[in-house]
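# Coordinate analysis (summary)
Here's the letter readout for the chains.
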Amino acid sequence: MIQWWSPRWPISGCAPPPHDLADALGACVTLHPVYRRLLHLTLTELDLITEQLGQLDQEMASLLSTHHDAVTRLAEVPGLGVESAQQIIAEVGVTAATFPSDRQLASWVGACPGHHESAGVNYSHRTPKGNRQMRRVLNQAANAAVKAKGSIFALVYRRLVPRLGHAQAIGAIAHRLCRLIWKIIHQGIRYEERGPEVNVQAKKARARKMIRELRSLGYRVELPPTPSSNPA
């Protein structure tokens, strides 16, 4: 068995000493030919899966090419991106017309607290079962959104986590994201940051990343012309 970690190595993420690294990789030199062939088969299968995932991404982008605006508007939300936006539209539709309100969408997804009340006291905090795919996307987006500096999600998370803990605070963020998603795709609006002011460099970096993702999936992105200063 290959020893990937040694107690002698620093935990801070620094590179291990050369002799420890050579010792850890020494098993590869004397690896049995049968295990080498098995590893080769596993790596070949991994390459095939990666290639198929890329083909599926391109197919999804092709199918959603007519809904470029909806994908872009969703991808602007902190925590989401082009891939998450495509998955959401594939699950709920381009306009979420099946769901008359954002609350109904959150209930269908399962991104809302349970309702078990007795004598005016709610005893349940578990979320109901819903669409597993959407819940996974929302939970991942919520964990990413709370790390976006200057966003309203980071502010709400810091306010909730001392009282609710990490898991329930992320659930509350996922609930907000779900209702926000309904408003963006159902009402045709764009995301507008309501949290602390985000610095210009972060906005530009996020815009460049979104443009790269869209272009890599075959979308055509045209930037608006920058206004030129009037001559004096």
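Residues numbered from 1 in each chain as written. Predicted model: local features only at pLDDT ≥ 70, side-chain atom pairs only at ≥ 80, totals over all residues. Heavy atoms only, no water.

This part is about the overall build of the chain. Across its full length, the chain carries 9 helices and 2 strands. The buried share of the chain, reckoned over its 232 residues, is 30%. Element-wise, carbon and sulfur atoms account for 58% of the exposed surface of the chain, whose accessible area totals about 15,900 Å². (Helix = DSSP H or I, 4+ residues; strand = E, 2+ residues; numbered from the N terminus. Buried < 20%, exposed > 50% of the residue type's maximum accessible area, 1.4 Å probe, protein only. Areas by Shrake-Rupley, 256 points an atom, 1.4 Å probe, with all protein chains shown as cover.)

Below, the discussion takes up the nonpolar core. Nonpolar side chains in soluble globular proteins tend to end up buried together. The biggest cluster of nonpolar side chains holds 47 residues, and the ones touching the most others in it are Val71, Leu74, Ile88, Val92, Leu138 and Leu177. At the level of secondary structure, the elements contributing two or more residues to this core comprise helix 3 (68-75), helix 4 (82-92), helix 5 (102-109), helix 6 (132-145), helix 7 (152-164), helix 8 (166-187) and helix 9 (200-216). Among the elements that make up this core, the one with the highest residue count is helix 8 (10 residues). The residues contacting leucine 177, other than those within four sequence positions of it, are Val77, Pro78, Leu138, Ala141, Ala142 and Phe153. (Core = buried A, V, L, I, M, F, W, Y, C linked by side-chain atoms within 4.5 Å. Contact = heavy atoms within 4.5 Å.)

Along the chain, the position of leucine 63 falls in helix 2 (residues 33-63). Overall, the relative accessible area of 60% leaves leucine 63 in the exposed class. Spatially, the C-alpha atom of leucine 63 lies 9.8 Å from that of alanine 90, the residues being 27 residues apart in sequence.

Bringing the packing of helix 7 against helix 8 into the picture now. At a minimum axis distance of 8 Å, the contact between helix 7 and helix 8 shows a crossing angle of 145°. Classified by chirality, the crossing of helix 8 by helix 7 is right-handed. Each of Phe153, Val156, Tyr157, Arg159, Leu160, Val161 and Leu164 in helix 7 lies in contact with helix 8, whose residues at this interface are His166, Gln168, Ala169, Ile170, Ala172, Ile173, Arg176, Leu177 and Leu180. (Axes fitted to C-alpha atoms, helices over the stretch in contact; angles between N-to-C directions. Left-handed = near helix turned anticlockwise from the far one by under 90°.)

A few words now on the side chain of glutamine 86. Assignment of secondary structure puts glutamine 86 in helix 4. Discounting residues that sit within four places of it in the chain, glutamine 86 has contacts with Met60, Ala61, Leu64, Val71, Leu217 and Tyr219.

Moving on: the environment of isoleucine 189. Topologically, isoleucine 189 is positioned in the loop between helix 8 and helix 9. Take isoleucine 189: its relative accessible area is 34%, and that puts it in the partly exposed class. For the pair isoleucine 189 and alanine 70, spaced 119 residues apart in the sequence, the C-alpha separation amounts to 9.3 Å. Residues within four places of isoleucine 189 in sequence aside, it is in contact with Arg73, Lys183 and Ile184.

Turning our attention to the environment of valine 71. With respect to the helices, strands and loops of the structure, valine 71 is situated in helix 3. Linking valine 71 and glutamate 83, residues 12 residues apart in sequence, is a C-alpha distance of 8.9 Å. Contact partners of valine 71, with chain neighbours within four places excluded, come to Leu64, Val82, Ala85, Gln86, Ile89, Leu214 and Tyr219.

To continue, consider the side chain of threonine 72. Residue placement: threonine 72 occurs in helix 3. On the basis of relative accessible area, threonine 72 is assigned to the buried category, the value being 13%. Not counting chain neighbours up to four residues away, the residues in contact with threonine 72 comprise Arg190, Met210 and Leu214.

So, about the packing of helix 5 against helix 8. Helix 8 packs onto helix 5 with a crossing angle of 130° between their chain directions and a minimal axis gap of 8 Å. Between helix 5 and helix 8, the angle is such that the two are oblique. With respect to the hand of their crossing, helix 5 and helix 8 are arranged in right-handed fashion. When helix 5 is examined against helix 8, the residues Asp102, Arg103, Leu105, Ala106 and Val109 are found in contact with a partner set consisting of His175, Cys178, Arg179, Trp182 and Lys183. Counted by class, the contact of helix 5 with helix 8 contains 5 nonpolar, 1 polar and 4 charged residues. (Parallel < 35°, antiparallel > 145°, perpendicular 65-115°, else oblique. Nonpolar A, V, L, I, M, F, W, Y, C, P; charged D, E, K, R; others polar.)

What follows is about helix 8. For helix 8, with 22 residues, the first-to-last C-alpha span of 31 Å sits near the 32 Å given by 1.5 Å per residue. Among the residues of helix 8, those classed as buried are Ala169, Ile170, Ile173, Ala174, His175, Leu177, Cys178, Ile181, Trp182, Ile184 and Ile185. Tucked into the core, helix 8 has its buried residues touching helix 3, helix 4, helix 5, helix 6 and helix 7. Among the residues trailing helix 8, glycine 188 stands out with phi positive, at a value near 70°. (Expected span 1.5 Å × (residues − 1).)

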